[in-house]
Amino acid sequence: MSAILLKPEAFQQASPTATAVPTPRAEIIALPPKRATESQLVKRLNSMFVTVVPPLVVLALMLLAWELACAGPKAALPAPSRIWAEAHDLVTQPFFVNGPQDIGLGWRVLTSLQRVAIGFGIAALVGVLLGAFVGQSVWAMRGLDPIFQVLRTVPPLAWLPLSLAAFRDSAPSAIFVIFITSVWPIIINTAVGIRNIPQDYRNVSAVLRLSHFEFFWRIMIPSAAPYIFTGLRIGIGLSWLAIVAAEMLTGGVGIGFFIWDAWNSSRLSDIVVALAYIGTVGFILDRLVAFVGELATRGTATA
Amino acid sequence: MIARLDPHDHTTHANLRPGQAFLRIDHVDKAFTRGSTTSVVLKDVNLSIARGEYVSIIGHSGCGKSTLLNLIAGLTPVTSGAVLLEDKEVNAPGPERAVVFQNHSLLPWLTVYDNVRMGVDKVFGRLKSRNERHEWTLANLDLVQMGHAKDKRPAEISGGMKQRVGIARALAMEPKVLLLDEPFGALDALTRAHLQDEVMKIHAKLGNTVIMITHDVDEAVLLSDRIVMMTNGPAARIGEVLDVRLPRPRLRLECVKNAEYLRCREAVMRFLYERHSFVESAA
Ligand SMILES: Nc1ncnc2c1ncn2[C@@H]1O[C@H](COP(=O)(O)OP(=O)(O)O)[C@@H](O)[C@H]1O
Ligand SMILES: [Mg+2]
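Residues numbered from 1 in each chain as written. Chains lettered and ligands numbered in written order. Predicted model: local features only at pLDDT ≥ 70, side-chain atom pairs only at ≥ 80, totals over all residues. Heavy atoms only, no water.

Section: the site of ligand 1
Residues and elements named next belong to chain B.
No. 1: Near ligand 1 the following residues occur: Phe32, Arg34, Val41, Ser61, Gly62, Cys63, Gly64, Lys65, Ser66 and Thr67.
No. 2: One of the side-chain nitrogen or oxygen atoms of Thr67 is found 2.6 Å away from an oxygen atom of ligand 1.
No. 3: Isolated, ligand 1 exposes 560 Å² of accessible area, and the fraction of that covered by the protein chains is 58%.
No. 4: Per element, the largest residue contribution to the shell around ligand 1 is 3 residues, and it comes from helix α2 (residues 65-73). (Near = heavy atom within 4 Å. Polar contact = N/O pair within 3.5 Å; in protein donor to acceptor, adjacent residues only side chain to side chain. Areas by Shrake-Rupley, 256 points an atom, 1.4 Å probe, with all protein chains shown as cover. Helix = DSSP H or I, 4+ residues; strand = E, 2+ residues; numbered from the N terminus.)

See the structure below:
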């Protein structure tokens, strides 16, 4: 039965490439090789200059202002120069190991990242599944959305006591705090994405008789992907925000606990360096999720 | 395998008895209810279509053409009456009634190939080997001359190309009935003419049963064996059915001088602009 379509001669009249007589072709003139390599390099350097230099200038000015403001001997906070003097080893040697509790900030960040990866991973999974459910059903949306909107405003620290009481162990409680902080934007954004699946795509899948699973996997997820990644991006930011709260109770070697510990022994310079670490890592995480999202939703946004 | 009835033998559908029709729309009403208000869109629609026939549905915008097509597709349930395909009631959508939607509705995250392949896998997953399904997908893309763009995404191709891929996706499912909802509506005149010719060729080759919605009189006359003219809504019904007795293959340039072509064209124009001219409803 497929023979009707597969006969190649059937297409000949319609497709010009199939004709036997060679048609006179336009002469191919080789264009002079583009000077692209050189000028492109210049362009790229230029754009890098434009994006990198302004923040560096602003940073320098801020450090200068800070230095001047905290210059006096009675200043409450350490000036940048003093921080450097006291804590530059934390910056220059992120991966030293001097004992089980005395390790570089790089190791501490990795420990914390591991914790966040677990909490955020669970949040991503649960958030997308629950969001898909909520977005699919009008009644689930009506019933759950207001509750989610209220819960999402609860700060991470406020979940701590409840979490400890429920789990009676610090390790799962810490992960739960990260989870519960970051799951709401993932649920809410996924649900909105699912609600916004065009009727056309639903019609297509109905005509194809896709099963529920196929519909979920092949239509819902890709169609809602831009929304889902928006949720994930907000979520990863929040879960990193929750790390200090979470590690207050786990102790150990995470960057969050390091700050808590430094505060208890009044090492203000160490805290400032740790803040810089946390900010940088948070920024990288955000860009990472955004990048993955861009890769995954290529084409979807421009329908 | 597709036994094509001679479309020029108009006795096949002139007075089809119920049991003979391939597709039958039997006393169909359609009303939409929103809250406490019910709006009747279609009222008592009856139509019998023979296998291999090319039927156009024409009517003013908003009269219920898409609604009728969705009923046949099974995407919306009838309020009363029934749609019967080979004497079996249609009550759910399925690939044997493939739809080419008004706005192509290709999945933007899939390549052209994957858009077609998805349907092929779904329909022939058990019947054909992986390799056969690959070949079949390519064959259908070639049929609409889109083989060259198989790895492109919908966003990277023109509107006419998207519509071609939509047609390939529908044809690849080997539907019993091909449903086209204003397939060329959004295209420029030249692309439109080109695709019309293409669809005529495909219809001549495969002999599928086609129901096409259009609001273009020339398109209806050129392509169809019969033209179904709908009255204005609300509660639209079939006002008139016109046989187009033009021999096939039909060539655009020869047709425009043909007396039968002009007669059909005038009949449809009279129906649309004299007797059922468009009135913008207050609703
Ligand atoms: N899902 C729906 N709910 C309510 N009314 C609808 C729905 N779909 C279509 N209609 C109404 O039915 C009428 C016919 O619509 P449609 O079939 O799309 O017209 P056409 O395709 O002929 O332009 C319109 O008045 C439209 O508002
Ligand atoms: Mg319509």
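Considerations on empty space enclosed by the protein
All names here are of chain B.
No. 1: Per the stated rule, a full pass over the model turns up 4 cavities of 30 Å³ or more.
No. 2: If you add up the space inside the largest cavity, you get close to 60 Å³.
No. 3: Along the walls of the largest cavity sit Ile167, Leu178, Leu180, Val199, Ile202, His203, Asn208 and Val210, which together make up its complete lining.
No. 4: Elements supplying a minimum of two residues to the lining of the largest cavity: β7 (177-181) and α6 (189-206).
No. 5: At 3 residues, the largest contribution of residues to the lining of the largest cavity is made by α6.
No. 6: By residue class, the composition of the lining of the largest cavity is 6 nonpolar, 2 polar and no charged. (1 Å grid on protein atoms, 1.4 Å probe; cavity = no way out; pocket = protein on both sides within 12 Å on 5 of 7 lines; lining within 4 Å. Points joined across faces, edges and corners; volume = space filled by probe spheres on them. Nonpolar A, V, L, I, M, F, W, Y, C, P; charged D, E, K, R; others polar.)

Brief notes about the pattern of salt bridges
No. 1: Following the criterion strictly, the structure yields 25 salt bridges over all chains and no others.
No. 2: Two residues, A:Glu214 and B:Lys122, come together in a salt bridge whose shortest N-O distance is 2.7 Å. Residue A:Glu214 is located in helix α9 (residues 212-241), and its partner B:Lys122 is located in helix α3 (residues 112-124); the two belong to separate chains.
No. 3: For B:Lys122, a relative accessible area of 30% puts it in the partly exposed group.
No. 4: As a salt-bridge pair, B:Glu53 and B:Arg226 come within 2.6 Å of each other at their nearest N and O atoms. Here B:Glu53, found in the loop between β2 (37-49) and β3 (54-58), pairs with B:Arg226, found in strand β9 (residues 226-230); they are 173 residues apart in sequence, far enough to count as distant.
No. 5: Exposure remark for B:Glu53: the relative accessible area of 4% places this residue in the buried category.
No. 6: Ionic contacts of the salt-bridge type, sharing partners, join the residues A:Arg209, B:Glu96 and B:Arg97 into one network. (Salt bridge = Lys/Arg side-chain N within 4 Å of Asp/Glu carboxyl O. Buried < 20%, exposed > 50% of the residue type's maximum accessible area, 1.4 Å probe, protein only.)

Some details on the packing of helix α4 (residues 105-136) of chain A against helix α11 (residues 255-264) of chain A
Residue and element names in this part refer to chain A.
No. 1: Viewed as axis vectors pointing N to C, α4 and α11 meet at an angle of 125°, and their least axial separation amounts to 7 Å. On the basis of their axis angle, the class for α4 and α11 is oblique. Contacts from Leu105, Arg108, Val109 and Ser112 of α4 reach α11 at Ile255, Gly256 and Phe258.
No. 2: Taken together, the residues of the contact of α4 with α11 sort by class into 4 nonpolar, 2 polar and 1 charged. (Axes fitted to C-alpha atoms, helices over the stretch in contact; angles between N-to-C directions. Parallel < 35°, antiparallel > 145°, perpendicular 65-115°, else oblique. Contact = heavy atoms within 4.5 Å.)

Topic: the sheet that holds strand β6 (residues 97-100) of chain B
Residue and element names in this part refer to chain B.
No. 1: Ordered in space as β6-β7-β8-β3-β9-β10, the 6 strands form an open sheet in which the pairing is mixed. At either margin of the open sheet sits one strand with a lone partner, and together these are β6 and β10 (238-243). This sheet shows a mean twist of 20° between the axes of neighbouring strands, independent of strand direction.
No. 2: Looking at chain direction, β7 and strand β8 (residues 209-214) are connected through 5 bridges and run parallel. Bridge pairing in β8 places Asp181 opposite Ile213. (Pairing = 2+ DSSP bridges.)

Considerations on the side chain of A:Asn189
No. 1: By secondary structure assignment, the location of A:Asn189 is in helix α7 (residues 170-195).
No. 2: The contacts of A:Asn189, once residues within four sequence positions are left out, are A:Tyr227, A:Thr230, A:Gly231 and A:Ile234.

Examining the packing of aromatic side chains
No. 1: Scanning the entire structure with this criterion turns up 7 aromatic pairs over all chains.
No. 2: A centroid spacing of 5.4 Å and a plane angle of 40° characterise the contact between A:Phe148 and A:Trp184, whose relative ring orientation is tilted. Taken as a pair, A:Phe148 in helix α5 (residues 138-151) and A:Trp184 in helix α7 lie far apart in primary sequence, 36 residues in all. Each member of the pair, A:Phe148 as well as A:Trp184, is classed as buried.
No. 3: Pairing B:Phe124 with B:Trp136 gives two aromatic rings, centres 6.1 Å apart and planes at 85°, and the pair type is edge-to-face. Pair noted here: B:Phe124 is in helix α3 and B:Trp136 is in helix α4 (residues 130-143), with a separation of 12 residues, a long-range link. Across this residue pair, the class does not change: B:Phe124 and B:Trp136 are buried.
No. 4: An aromatic cluster of at least three residues, connected via ring pairs, comprises A:Phe167, A:Phe176 and A:Phe179.
No. 5: The ring of A:Trp139 is capped by A:Arg142, whose NZ or CZ atom sits 4.7 Å from the centre of that ring. (Phe/Tyr/Trp six-rings, centres within 6.5 Å; stacked < 30°, edge-to-face > 60°. Lys NZ or Arg CZ within 6 Å of the ring centre and 35° of its normal.)

So, helix α6 (residues 156-167) of chain A
All names here are of chain A.
No. 1: The end-to-end C-alpha distance of α6 is 16 Å, a good match for the 16 Å that 12 residues give at a rise of 1.5 Å each.
No. 2: Buried residues of α6: Pro156, Trp159, Leu160 and Ser163, and no others. Projected down its long axis, α6 shows its buried positions confined to an angular sector of 125°, all on one face. Exposed and oriented more than 90 degrees from the buried face of α6 are Pro161, Leu162 and Ala165.
No. 3: Of the residues one or two after α6, Arg168 is the one with positive phi, at around 55°. (Expected span 1.5 Å × (residues − 1). Arc of directions from axis to C-beta.)

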